[in-house]
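# Close look at the chain arrangement
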2 protein chains.
Amino acid sequence: MSVLVVGTTALDSIKTPKSENPRLLGGSASHAAVAASFFAPTKLSGVVGGDFPSKYLTLYKKHGIDLAGLERVHDGQTFHWSGEYEVNMNNRRTLNTVLGVIENWSPKLPGSYEEAPFVLLANISPSVQHTVLDQVRKPKFVVADTMDLWLNVALADLLRLLKRVDCLVLNDSEARQLTEDDNVVTALKKIHKLGPSYVIIKKGEHGSILSGPKGLFLAPAYPLKKVVDPTGAGDSFVGGLMGYLAAQKSGSVETNLRRALIHGSVVASFCCEGFGLIRTTRTKREEIHARVAQLEHLVRI
Amino acid sequence: MSVLVVGTTALDSIKTPKSENPRLLGGSASHAAVAASFFAPTKLSGVVGGDFPSKYLTLYKKHGIDLAGLERVHDGQTFHWSGEYEVNMNNRRTLNTVLGVIENWSPKLPGSYEEAPFVLLANISPSVQHTVLDQVRKPKFVVADTMDLWLNVALADLLRLLKRVDCLVLNDSEARQLTEDDNVVTALKKIHKLGPSYVIIKKGEHGSILSGPKGLFLAPAYPLKKVVDPTGAGDSFVGGLMGYLAAQKSGSVETNLRRALIHGSVVASFCCEGFGLIRTTRTKREEIHARVAQLEHLVRI
């Protein structure tokens with residue numbers, strides 16, 4: 001089955017003390033769609049400007065990503081984020097953000113997208129997430145990702161969205177902000193009360209926690225010797241997770257979700273090993289399978 | 001087989017915004033010995049003053065802990081730590097520390113302790129840890145715990161100790177301090193080069209990582225709805241771990257260690273649910289078994 005991914009399609013310029021990496025392919029939808037494409041047919045809904053390099057279209061196509069829903073505004077500018085890392089690569093600060101064509105975007109899905117069974121509302125404004133959800137019919141499983149920005153500036157829209165999705169994905173500090181609760185177990189219970197049957201809290205190198213009707217699952221992160229750039233790791237995680245779910249021919253979402261988190265973690269680990277999508281797009285399926293097997297061994301009691 | 005535990009035997013006075021808890025039983029050896037006692041015969045090496053309440057001796061005895069190596073200095077004062085928690089219970093600050101009888105203590109082990117196969121050098125000065133290690137013959141497995149204080153004031157002694165132990169246990173910030181490395185995987189490799197075949201890095205609510213000759217094991221922490229007082233959780237973890245190892249009638253330390261970490265995590269979870277040792281000492285073996293089974297389920301893929 002296929003995955004529909006909506007989110008940002010961006011250019012990221014990432015400076016470090018040692019290198020400049022201008023105008024890399026970035027954005028939540030780019031990371032999530034490439035990650036999903038390792039497992040299942042993937043449809044992208046996004047918007048880019050006339051400055052979007054054709055080599056990035058070629059890259060999407062190399063991954064078999066359906067671009068019928070990638071809108072192009074020829075006289076507009078692609079969403080562009082610039083940031084800088086500190087020496088130890090742990091802290092990142094934003095230098096500049098140009099919203100460009102994303103600012104007033106209201107996605108119109110091609111007819112071929114409307115029946116997508118797995119819908120991933122990757123990180124973008126909740127209003128865009130609603131607009132996409134309005135255009136799909138009877139999806140089997142809808143996941144929304146979000147970020148602190150939307151908790152700050154679009155909380156009402158986000159809370160309305162939570163009543164329409166099966167699963168919310170957010171990181172631990174966002175979960176604290178949303179629930180005003182420091183304890184992850186009780187925070188999860190509060191988020192379920194806002195709507196979603198499944199909640200996944202991302203904890204970076206400490207893994208993630210899935211909460212669903214059958215209780216909790218504590219998922220590990222793949223331990224990396226070197227993190228080059230964690231930008232997009234969360235998007236890769238949820239993209240890999242959805243791709244894996246869509247690819248399963250048997251079992252329910254409930255029974256497949258644990259293994260889906262493991263696959264998401266593994267794709268995210270590759271993402272962290274290079275700037276932007278550089279390492280992810282070089283990843284071979286066999287490398288993913290090998291790391292999944294390793295990760296399973298690392299947590300087996 | 002039995003476990004010998006050396007460390008601090010203390011009185012802890014813990015203030016919170018809502019309550020005062022004066023002169024609780026505390027100290028690394030108290031927490032570790034009680035934790036180990038759930039699984040295996042446990043021998044305590046420690047020192048207390050004339051002010052040490054007899055009810056705490058009764059508590060040790062209730063857990064079957066061998067007190068032949070608990071020295072009593074009748075005209076001395078028991079090591080006493082006073083601390084205060086902030087409103088959210090996440091930050092703790094020390095109000096006062098009275099070293100008392102621990103300051104110049106040089107343990108002398110009773111003959112019955114010398115053959116202990118499992119030796120836990122719980123958190124105390126490396127010089128005391130050396131002194132105990134000098135008095136045991138051919139132990140099967142020696143684990144040392146430590147803390148940032150000893151990295152700051154007794155690094156040379158600690159480095160010398162690392163060449164004499166099978167396993168070092170420390171938390172993530174201590175591992176960074178010891179190795180000057182932010183990455184846990186490469187920090188582990190550096191610690192192995194200092195001596196121990198096994199290294200365990202504790203990450204609090206994020207679980208722990210075991211590194212040994214057969215690679216890594218990512219161990220979960222038991223997810224708690226409410227943390228009352230994390231004081232002693234690390235000591236309970238390593239005590240439970242050693243008690244479990246000592247209780248196994250088959251399998252090598254290597255093959256039993258993964259399950260040992262799970263048992264340690266579970267005892268630590270009970271420790272966090274009450275001030276001092278209040279909840280731990282009320283724990284029944286069936287409660288431990290139930291949480292171990294739950295924790296195994298929470299990480300099963």
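Now for a quick tour of the structure. Keep in mind that this is a model prediction, so the values were computed, not measured.

### Points about the overall build of chain A
Across its full length, chain A holds ten helices and 13 strands. Taking 2.2 N^0.38 as the reference for a compact globule, 301 residues should give roughly 19 Å; the C-alpha atoms of chain A span a radius of gyration of 18 Å, in line with that estimate. The principal-axis extents of the C-alpha atoms in chain A amount to approximately 50 × 45 × 40 Å. Burial statistics for chain A: of 301 residues in total, 48% are counted as buried. The long-range share in chain A, meaning contacts at least 24 apart out of those at least 6 apart in sequence, stands at 67%.

### Focus: the interface of chain B and chain A
Contacts between the two partners involve 24 residues from chain B and, on the opposite side, 24 residues from chain A. When residues of the side of chain B that touches chain A are traced back to their parent elements, those giving at least two are α7 (184-193), β13 (215-219), α9 (253-272) and α11 (285-299) of chain B. Here the residues of the side of chain B that touches chain A are counted per class, giving twelve nonpolar, five polar and seven charged.

### Some thoughts on the pairing of strand β9 (residues 141-145) of chain A
All names here are of chain A. β9 sits mainly inside the fold: five of its five residues count as buried. Of the two faces of β9, the one carrying Phe 141, Val 143 and Asp 145 and the one carrying Val 142 and Ala 144 are both buried. With four bridges joining them, strand β8 (residues 118-121) and β9 adopt parallel strand pairing. Of the residues in β9, the one forming a bridge with Val 119 is Val 142.

### Observations concerning the sheet that holds strand β9 (residues 141-145) of chain B
Residue and element names in this part refer to chain B. Read from one edge of the open sheet, nine strands run β5-β4-β1-β8-β9-β10-β11-β12-β13, paired in mixed fashion. Sheet topology places β5 (66-73) and β13 at the edges, where each strand pairs with a single neighbour. Sheet twist, expressed as the average angle between the axes of neighbouring strands with direction ignored, equals 15°. Sheet topology places strand β1 (residues 3-6) next to strand β4 (residues 42-49); four bridges connect them, and they run parallel. Across the sheet, Val 6 pairs through a bridge with Ser 45, a residue of β4. On top of the sheet, helix α6 (residues 172-179) reaches β10 (167-171) and β11 (198-202); it is set at about 110° to β10, its chief contact.

### Describing the packing of helix α9 (residues 253-272) of chain A against helix α10 (residues 285-299) of chain A
Residues and elements named next belong to chain A. Where α9 meets α10, the axes come as close as 9 Å, and the angle between the chain directions of the two elements is 120°. Of the two elements, α9 crosses α10, and the hand of that crossing is right-handed. Contacts between α9 and α10 pair Ile 262, His 263, Ser 265, Val 266, Val 267 and Ser 269 from the former with Ile 288, Arg 291, Val 292, Leu 295 and Glu 296 from the latter.

### Section: the nonpolar core
Grouped together as the largest cluster of nonpolar side chains are 181 residues, with contacts concentrated most on Val5(A), Leu120(A), Val143(A), Val5(B), Leu120(B) and Val143(B). Each residue touching Val143(A), except ones within four places of it in the same chain, is listed here: Leu120(A), Leu121(A), Val165(A), Asp166(A), Cys167(A), Val169(A), Val238(A) and Met242(A).

### Digging into the relation of the copies chain B and chain A
When chain B is fitted to chain A, the residual RMSD is 0.0 Å, and the transformation amounts to a turn of 180° plus an axial shift of 0.0 Å. As the rotation angle and translation indicate, the two copies are arranged about a two-fold axis. The rotation axis passes nearest to the C-alpha of His206(B) in chain B, at a distance of 3.0 Å.

### Quick notes on the sheet that holds strand β3 (residues 20-26) of chain B
Residues and elements named next belong to chain B. Overall, mixed pairing links the four strands, which are arranged β3-β2-β6-β7 in an open sheet. Each edge of the open sheet is held by one strand with a lone partner, namely β3 and β7 (92-98). Averaged over all pairs of adjacent strands, the angle between their axes in this sheet comes to 20°, without regard to strand direction. Sheet topology places strand β6 (residues 80-85) next to β7; six bridges connect them, and they run antiparallel. Bridge pairing in β7 links Trp 81 to Thr 97.

### Digging into the environment of Thr231(A)
All names here are of chain A. In this structure, Thr 231 sits in the loop between β13 (215-219) and α8 (233-247). The class for Thr 231 is buried, based on 22 C-beta atoms found within 10 Å. Through-space distance from the C-alpha of Thr 231 to that of Gly 26 is 8.4 Å; in sequence the pair is 205 residues apart. With near-sequence residues (within four places) excluded, Thr 231 lies in contact with Asp 12, Ile 14, Gly 26 and Gly 276.

What counts, and at which threshold
Residues numbered from 1 in each chain as written. Chains lettered and ligands numbered in written order. Predicted model: local features only at pLDDT ≥ 70, side-chain atom pairs only at ≥ 80, totals over all residues. Helix = DSSP H or I, 4+ residues; strand = E, 2+ residues; numbered from the N terminus. Rg over C-alpha atoms; globule rule 2.2 N^0.38 Å. Buried ≥ 20, exposed ≤ 12 C-beta atoms within 10 Å, placed from the backbone. Contact = placed C-beta atoms within 7 Å. Nonpolar A, V, L, I, M, F, W, Y, C, P; charged D, E, K, R; others polar. Pairing = 2+ DSSP bridges. Axes fitted to C-alpha atoms, helices over the stretch in contact; angles between N-to-C directions. Left-handed = near helix turned anticlockwise from the far one by under 90°. Core = buried A, V, L, I, M, F, W, Y, C linked by C-beta atoms within 7 Å. Least-squares fit on C-alpha atoms with pLDDT ≥ 70 in both.

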